[in-house]
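Residues per chain are reported as follows:
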Amino acid sequence: MRWYRDLYLGPSVSGELPKIRKKAALGVGMVGVYYITVSSVPGNLLDIFHNGMLKQPLFRKVQCKDIVGVAMGKQEAFRLAGTILMELYDKTKGFDIRSYFKEEDFEDD
């Protein structure tokens, strides 16, 4: 997994990030933690999924693991994804998500 350097955080996880990253590196599931990534599907913008999905071999194989946001709960994840997209549009006047999140802006576990 790779983490965006300026990771977007939902209000419920902002103080929990070190613990979340440590558990993610160990492959430990966390109740209620959702990841937002650049979409694995060409033409889509973002993917939102529960961290437990990474325990599924097929999902782990095809899912983009460049995490740009972390939220607690599905609703917070939806709001955070909306915030990311609004910021993307405000800064670029478009939705070219792949050029917005550059390769050098990510760091490994």
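Provided above is the structure to which this section pertains.
Below, the structure is looked at part by part. These figures come from a predicted structure and were not determined experimentally.

## Here's the deal with the overall build of the protein
Of the regular secondary structure elements, the protein holds four helices and five strands. Reading the protein from its N terminus to its C terminus gives the helix and strand order β-α-β-β-α-β-α-α-β. For the protein, whose C-alpha radius of gyration is 13 Å, the value lies close to the compact-globule estimate of 13 Å for 109 residues. Across its three principal directions, the C-alpha atoms of the protein cover 40 × 30 × 25 Å. For the protein, buried positions account for 41% of its 109 residues. When contacts within the protein are restricted to residue pairs at least 6 apart in sequence, those whose partners lie at least 24 apart make up 62%. Accessible surface computed for the protein: about 6,300 Å², of which carbon and sulfur atoms make up 56%.

## Here we look at the environment of Leu85
Residue placement: Leu85 occurs in helix 3 (residues 74–92). Once residues lying within four places of it in the same chain are set aside, the contact partners of Leu85 are Leu45, Leu46, Phe95 and Ile97.

## Focus on helix 1 (residues 17–26)
The complete set of buried residues in helix 1 reads Leu17, Ile20 and Ala24. Down the axis, helix 1 shows its buried residues gathered within 60° of arc, on one side only. With respect to the buried face of helix 1, the exposed residues turned more than 90 degrees away are Pro18, Lys22 and Leu26. Close packing links the buried residues of helix 1 with strand 1 (2–9), strand 2 (33–38) and strand 4 (66–72). Following helix 1 by one or two positions, Gly27 has its phi on the positive side, about 80°.

## Thoughts on the sheet that holds strand 4
The strand order 3-2-4-1-5 describes an open sheet built from five strands, whose pairing is mixed. In the strand order of this sheet, the two ends are held by strand 3 (46–50) and strand 5 (106–108), each with one partner. Within the sheet, the average angular offset between the axes of one strand and its neighbour, ignoring direction, is 35°. Direction of pairing for strand 2 relative to strand 4: antiparallel, over a ladder of five bridges. By the bridge assignment, Ile36 is partnered in strand 4 with Gly69. Packing against the sheet, helix 1 makes contact with strand 1, strand 2, strand 4 and strand 5, and its axis sits at approximately 150° to strand 1. Lying on the sheet, helix 3 is in contact with strand 1, strand 2, strand 3 and strand 4; it crosses strand 4 at an angle near 135°.

Calculation rules
Residues numbered from 1 in each chain as written. Predicted model: local features only at pLDDT ≥ 70, side-chain atom pairs only at ≥ 80, totals over all residues. Heavy atoms only, no water. Helix = DSSP H or I, 4+ residues; strand = E, 2+ residues; numbered from the N terminus. Rg over C-alpha atoms; globule rule 2.2 N^0.38 Å. Buried < 20%, exposed > 50% of the residue type's maximum accessible area, 1.4 Å probe, protein only. Contact = heavy atoms within 4.5 Å. Areas by Shrake-Rupley, 256 points an atom, 1.4 Å probe, with all protein chains shown as cover. Arc of directions from axis to C-beta. Pairing = 2+ DSSP bridges. Axes fitted to C-alpha atoms, helices over the stretch in contact; angles between N-to-C directions.

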